[in-house]
Amino acid sequence: MNGADVRFYTSILMRRSPYLAAITAAVLAIAVAVAFVLPPVYRASAKILVEAPQIPADLARSTVAIQAVQQLQIIRQEITTRNDLLKLADKLEIYAPSKEPPADEDIVNDMRSRITFEEIVLGAPDGGPTASVFSVAFAAAEPVLAAEVANELVDLILFKQQQQRTGRAAETVQFFNQEVARLGLDLNLIEAEILKFKNENSDTLPDSLEFRRNQQTSRQERLISLEREESDLLGKRSSLAESYALTGQLPDGEAATPEQQMLLQLNRALADQLAIFSETSPNILALRRRITSLQETLHGRQAQEAQPSSKKKRHSTFDLQVSYIDERLRAIARERAAITESIGALTKSITATPASETVLNSFERNRANLQTQYNTAIARRAEALMGEKIEKRSDGGRFSILERATPPESPETPKRFRIALMGAVGGVGLAVAFVALLEFLNGTIRRPVELASMLGHKPIATIPYISTAEENRFAIRRTVAAVLPAAAVPALLTAIHYLYLPLSVMAQSAFGWLAAMG
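Residues numbered from 1 in each chain as written. Predicted model: local features only at pLDDT ≥ 70, side-chain atom pairs only at ≥ 80, totals over all residues. Heavy atoms only, no water.

Draft legend 1. Structural context of the pattern of salt bridges. Counted according to the given criterion, the structure contains 13 salt bridges. Residues Arg222 and Glu335 are paired through a salt bridge, measuring 2.9 Å at the closest nitrogen-oxygen approach. Within this pair, whereas Arg222 is found in helix H7 (residues 209–247), its partner Glu335 is found in helix H10 (residues 310–392), the two being separated by 113 residues in sequence. Given the relative accessible area of 32%, Arg222 is considered partly exposed. Given the relative accessible area of 27%, Glu335 is considered partly exposed. (Salt bridge = Lys/Arg side-chain N within 4 Å of Asp/Glu carboxyl O. Helix = DSSP H or I, 4+ residues; strand = E, 2+ residues; numbered from the N terminus. Buried < 20%, exposed > 50% of the residue type's maximum accessible area, 1.4 Å probe, protein only.)

This is the structure:
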């Protein structure tokens, strides 16, 4: 590009300066008007400190498994629900200045667009549990209202956090209380069933199996002994009858009565004791007294039985011995029948013991399982009670207010200078684009290059257009006339904004969404 081209484009800009000035001034005026008409938006923020559990988990564990950061995210979703936002707007009268109250849906959408959450993670220097800082901000047209809403949101978050953690801990304790009560009732029921079964089957319980087997063995031995004694008595009876029938006399040395047999046994015992003890021993004296007493009894009975002849006496003695043997045989038969019945009952109970043991083992397994569950529930309830105490003391993951919101001194939006600057830049760009469009549509010859291109020959000389002083003055007046109205627009709109408040309210409704989005 040579000097001629520069002078050519400069002349175009000078010739089109009224358009440049007018468009730039108009766009700038609109930007300034928008900057002044847009309502101010104040943003107040409060900070919440999310701390790690204060008590180490290996010493006492909280029953609320959710992490504090996750809980805060859940609470964030809860407080931005429709009902909570409507209650908050009604409590703080956020939309009270509006002449016509907006619809509930509009309120909810506007409140959600004004609330912002930001998280800042603070790492622990020793690699331990980390803490986080959450910033809760709210945007409003008034700084005091913005601070009040932000603080209300923080208080609501802290309340819900404490309510959730203590509520979950209390629900956990209640659950384990119910489990302990239910398992205790089941344990009592199965113990009652075990007791009932033992009472109904006391003869077949496995605990007494060894005792019953010993009883069965001893009764069998007793039965064998009775059979042996019965055989001896039958042989003795047969021998007595045969001897008496052949000789008419009893065998010598045979004791006829039980008293005589007892006397014979006592004399034998006395002989054995004298080989060990002296005559003055208490055992020897006691034996002699019993022998003397028994001898006196036998002598008295013999004196009372006065028999006229020896044959009658022998016959009476034979009858007594046979009668004694018969009575003993009958007693043996009765005892053997009782022992046989007892052995049958013991055999039956021993046979039924495995079935009773199976049923009892089933009961015992159920009781052991219930006892294990009951002990586990007791331990879990103790842990739940400890966790509830931790949550009530806010030691399981605490939220605390690090910094409350204060009314901001300056609005966050609109950035008036930035809007005006952007309007100026945009006006210049639009004006240049408009001038470029005009020049592109203009087909007249204005440079020697264009004339040479059209004729096909280079001209000897070109004479430029020389404007007069009057034409220059007219151009200046035209430029001023185009710029002054555009420059007066911002001042006029600003005056209207400050003098008439309803216009500001209307503009606030029109640009509310744009202001809330920043």
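What follows picks up the thread again.
Draft legend 2. Broad picture of the nonpolar core. Counting residues in hydrophobic clusters, the biggest one holds 33 residues, and the most contacted among them are Ile48, Ile94, Met111, Val149, Ile157 and Phe399. For this core, the elements supplying multiple residues, two or more each, are strand E1 (42–50), helix H3 (68–79), helix H4 (82–92), helix H5 (104–114), strand E2 (115–122), strand E3 (131–140) and helix H6 (143–200). Top contributing element to this core by residue count: H6, with nine residues. With eleven residues, the next largest nonpolar core counts Val180, Leu183, Leu205 and Phe363 among its residues. (Core = buried A, V, L, I, M, F, W, Y, C linked by side-chain atoms within 4.5 Å.)

Draft legend 3. Molecular detail of the environment of Glu118. Locating Glu118 in the fold gives a position in strand E2. Residue classification places Glu118 among the exposed residues on the basis of a relative accessible area of 51%. For the pair formed by Glu118 and Lys47, sequence separation is 71 residues and the distance between their alpha carbons is 9.3 Å. Glu118 has contacts with Val133, Phe134 and Ser135, leaving out every residue within four places of it along the chain. (Contact = heavy atoms within 4.5 Å.)

Draft legend 4. Examining the packing of H4 against H5 more closely. H5 packs onto H4 with a crossing angle of 90 degrees between their chain directions and a minimal axis gap of 9 Å. The angle between H4 and H5 places the two elements in the roughly perpendicular class. Taken together, the residues of H5 that come into contact with H4 (itself represented by Arg82, Leu85, Leu86, Leu88 and Ala89) are Asp104, Glu105, Ile107, Val108, Met111 and Arg112. Considered class by class, the residues forming the contact of H4 with H5 number seven nonpolar, no polar and four charged. (Axes fitted to C-alpha atoms, helices over the stretch in contact; angles between N-to-C directions. Parallel < 35°, antiparallel > 145°, perpendicular 65-115°, else oblique. Nonpolar A, V, L, I, M, F, W, Y, C, P; charged D, E, K, R; others polar.)

Draft legend 5. How the structure looks around the confidence of the model for the chain. Predicted confidence across the chain gives a mean pLDDT of 75, with 68% of residues reaching 70 or more. Of all helices and strands in the chain, the one with the weakest mean pLDDT is helix H15 (residues 512–516) (41), whereas H5 scores best (89). For residues 56–60, every residue scores under 50 in pLDDT, and the model assigns this stretch three contacts once sequence neighbours within four places are set aside. Across residues 497–518, confidence stays below pLDDT 50; counting only partners more than four residues off in sequence or on other chains, it has 14 contacts. (pLDDT = per-residue confidence, 0-100.)

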